[in-house]
Amino acid sequence: MVVNIRKILLLLVVLVGIVAFFAFDLDRYFSLAFLKERQASFAALREQQPLQLALGYFLVYVAVTALSLPGATIVTLAGGAIFGLGWGLLIVSFASSIGATLAFLTARFLLRDSVQARFGQRLADMDKGIQRDGAFYLFTLRLIPVVPFFVINLLMGLTKMKAWTFYWVSQLGMLAGTAVYVNAGTQLGQLESLQGILSPGLLGSFVLLGLFPLIARKVVEAVQKRKVYAKWASVRPKRFDRNLIVVGAGAGGLVSAYIAAAVKAKVTLIEAHRMGGDCLNYGCVPSKALIKSATLAHQMRHGANYGLNDTTPMFSFKAVIQRIHAVIAAIEPHDSVERYTGLGVEVLQGYAKLLNPWTVEIALNGGGTQTLTARSIVIAAGARPFVPPLPGLDDVGYVTSDTLWDAFARLDDVPQRLVVLGGGPIGCELAQAFARLGSQVTQVEMAPRIMIREDEEVSELAKTALAADGVAVLTGHKALRCEVLDGEKTLVVEHAGAEKSIPFDQLICAVGRVARLQGYGLEELGIPTNKTVETNQYLQTIYPNIYAAGDVAGPYQFTHVAAHQAWYAAVNALFGDFRKFKADYSVIPWATFIAPEVARVGLNEQEARDKNIPFEVTRYGIHDLDRAIADSEAHGFVKVLTVPGKDKILGVTLVGTHAGDLLAEYVLAMKHGLGLNKILGTIHTYPTLAEANKYAAGEWKRAHAPQKLLAWVEKFHTWRRG
């Protein structure tokens, strides 16, 4: 309340100042004619009361710039006319910078909160840029007087730039322009118009002056580049064996190599283990094959939902796992050595280590080593499951999402008692799938709910769905240790201050994944790593010719994001000397393939609230969708977040069968700036699940119908009926 009163008082002061300026016709004093007419009077006053005149002039200048009033140019000329070039430049320089800073602070105090509430995400993106390069760009803008300074003052006030930084950069940046106008004021008698101050030649000089920081920045980048490579200068090859070397043949590495070969670059792809990486061999592909088998088993048990008899599925667990490996084998050719060799990629199987920024040593799987040089290198080493340091874990034995496919292939039957440690997407998918295949599954999650990144209602719905399939979901339970008691393996957890033992036959660790950072020579080269390889917006490490993409780079651990990043890494690595592209994460979709599926793109409600972004929510319940009813899948919802009063999509959460597929329409819409009205106006085939997207758009349209206009239309129709 106190802050609001202060804002109101400050706003009143500003408004009174502006109104008074125009109400009392004060702008007549800020004209070239008035200044020339009173030049002699000001000169006489300076002789009689120099300090008082200087102080009065200083305060007037500060007030004019602080209130963003027209007339700053005339006041600057007056400084030169009254005080001469030296004293005039000194007074004007400080007065203009102080006034600009007051305008900056006023805009921040009065406007930033409201702008933040309405454009929070955009402002956050702008703040990141300001934090990184704000002083540099402010300095550049200040050097070019054709950019209205009052606009710069107000806009910068909406950012998080420090007031002191704004002040001193403005003080330096405005000096050149100020000097021109103050000097022009010393020649006031020869001026016929303000347009005469900035001749085309002088204006061109200012533009060149504004370009100087950009040129200087390029020089600084070149110096920094030279500095980072200085210790390796003696080993830099004069000629390179390859244009690009890619380390890792997961999604990021495969796409990077593919792009390089497609543009006829000479590229080598190095993989120590299996082509296709984690997604093909341990993650996306085998887990979805498992889920399909589990889904069919579930449908057999619930045949009555489809007018059939409930049937207990009879199956061999070995056959289920064999099918999973058969699916992997069927997809393997897409990522095989033979395919990529045919595309023009040299594939070497072995362990890669960077010896210097251009040289990679490969310990070949078949024995021996090979050393290659390249102009650019892409690190796409992926990630591995994180194994928590639980006491006794190694004694009882465990599997991860990577190792379970081979370990469980040796089992005759599905694990009877299975503990899944972790409540994220991987843990939820595995817990439900094994429960549907007949395991007694206990899922342990330390957080207060599973799928913590989703909205609370989604987490609760997921927990209910897993429980309906027989999963005992224990949230708020912290794993303490593993023990073997009387020949039985147990996991000891703590909840509400009490310990509890959970017996099990098999334990799956699914508590997250960590980037593979060791063994590639990153430490020896001094490449910073903090959970992932640190890169800039172009996916460059501290060495501009070394890039990272995929899970090893973050910030997302999705196969499709790795492929997305790979395009930027490869193109920048091959053509970055001419143009570089910033990696775009503005529209990132993802899905969790439990039943019902959970898919999302953009913001959900909890993220929007955390970021203080205003939004409206539109919901459509899939229970009302014809095709979902026909398929006995009538549960779930579409939830769309939009800008208040507009159909612009901020984010979408889909819960229901095939949610991951249905999300694609929203991803396309957000990527290309299409709103809900466009989706509503698109013909959707009947009867399909995709109609849910159209009906959600219809719900938004209904909520935003122009009621006053419709009332008049109703009167019109009444009149037409006579």
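Residues numbered from 1 in each chain as written. Predicted model: local features only at pLDDT ≥ 70, side-chain atom pairs only at ≥ 80, totals over all residues. Heavy atoms only, no water.

## Section: helix H26 (residues 707-720)
Owing to its 3.6 residues per turn, the α-helix brings residues three or four apart onto one side.
Part 1 of the argument: Here H26 contains 14 residues, and its C-alpha end-to-end distance of 20 Å stays within 8% of the 20 Å for a straight helix at 1.5 Å per residue.
Part 2 of the argument: Of all 14 residues that make up H26, 0 are buried, and the element is exposed over most of its length.
Part 3 of the argument: Among the residues trailing H26, Gly 722 stands out with phi positive, at a value near 90°. (Helix = DSSP H or I, 4+ residues; strand = E, 2+ residues; numbered from the N terminus. Expected span 1.5 Å × (residues − 1). Buried < 20%, exposed > 50% of the residue type's maximum accessible area, 1.4 Å probe, protein only.)

## So, the packing of aromatic side chains
Part 1 of the argument: Counting across every chain of the model gives 17 aromatic pairs.
Part 2 of the argument: Between the aromatic rings of Tyr 229 and Trp 358, the centroid separation amounts to 5.2 Å while the plane-to-plane angle is 25°, which identifies the pairing as stacked. Of this pair, Tyr 229 sits in the loop between helix H9 (200-228) and strand S1 (242-247) while Trp 358 sits in the loop between strand S3 (346-356) and strand S4 (359-364), and the two are 129 residues apart along the sequence. Residue Tyr 229 shares its accessibility class with Trp 358, and that shared class is buried.
Part 3 of the argument: Ring centres of Tyr 620 and Tyr 695 lie 5.6 Å apart, and the angle between their planes is 45°; on these two criteria the pair is classed as tilted. Pair noted here: Tyr 620 is in strand S21 (residues 616-621) and Tyr 695 is in helix H25 (residues 691-703), with a separation of 75 residues, a long-range link.
Part 4 of the argument: Residue classification places Tyr 620 among the buried positions, given a relative accessible area of 6%.
Part 5 of the argument: Members of the aromatic cluster, each reached through a chain of ring pairs, are Tyr 556, Phe 558, Tyr 585 and Trp 590.
Part 6 of the argument: A cation over a ring is seen here: Arg 619 above Phe 637, with NZ or CZ 4.3 Å from the ring centre. (Phe/Tyr/Trp six-rings, centres within 6.5 Å; stacked < 30°, edge-to-face > 60°. Lys NZ or Arg CZ within 6 Å of the ring centre and 35° of its normal.)

## Side note on unusual backbone geometry
Part 1 of the argument: For the bond from Ala 595 to Pro 596, the omega torsion is 0°, close enough to zero to count as cis.
Part 2 of the argument: Relative to the elements of secondary structure, Pro 596 occurs in the loop between strand S19 (589-592) and strand S20 (597-602).
Part 3 of the argument: Residue Pro 687 is reached from Tyr 686 by a cis peptide bond, and omega for that bond is -10°.
Part 4 of the argument: The topology assignment puts Pro 687 in the loop between helix H24 (676-680) and H25.
Part 5 of the argument: Of note in this structure, Asp 486 is not a glycine but carries a positive phi near 55°.
Part 6 of the argument: Tracing the chain through its elements places Asp 486 in the loop between strand S11 (478-485) and strand S12 (488-495).
Part 7 of the argument: Asp 486 sits in the exposed class, given a relative accessible area of 87%.
Part 8 of the argument: Even without glycine at this site, Leu 539 takes up a positive phi of about 70°.

## Overview of the sheet that holds strand S10 (residues 472-475)
Backbone hydrogen bonds are what pair the strands of a sheet, in a parallel or an antiparallel way.
Part 1 of the argument: Taken together, the 5 strands give an open sheet; going across it, the order is S7-S14-S8-S9-S10, and neighbouring strands pair in parallel fashion. Because the sheet does not close on itself, it has two edges, and the strands there are strand S7 (399-400) and S10.
Part 2 of the argument: Relative to the sheet, helix H17 (residues 425-436) contacts strand S8 (417-421), strand S9 (440-445) and strand S14 (506-509), its axis offset from that of S9 by approximately 165°. (Pairing = 2+ DSSP bridges. Contact = heavy atoms within 4.5 Å. Axes fitted to C-alpha atoms, helices over the stretch in contact; angles between N-to-C directions.)

## Observations regarding the environment of Glu 429
Part 1 of the argument: Looking at where Glu 429 falls in the secondary structure, it is placed in helix H17.
Part 2 of the argument: Classification of Glu 429 as buried rests on a relative accessible area of 8%.
Part 3 of the argument: Separated by 138 residues in the primary sequence, Glu 429 and Ile 291 place their C-alpha atoms 7.6 Å from one another.
Part 4 of the argument: Residues within four places of Glu 429 in sequence aside, it is in contact with Ser 287, Lys 288, Ile 291, Ala 591, Thr 592, Phe 593 and Ile 594.
Part 5 of the argument: Among the polar contacts listed, one links the side chain of Glu 429 to the side chain of Lys 288, at a separation of 3.2 Å. (Polar contact = N/O pair within 3.5 Å; in protein donor to acceptor, adjacent residues only side chain to side chain.)

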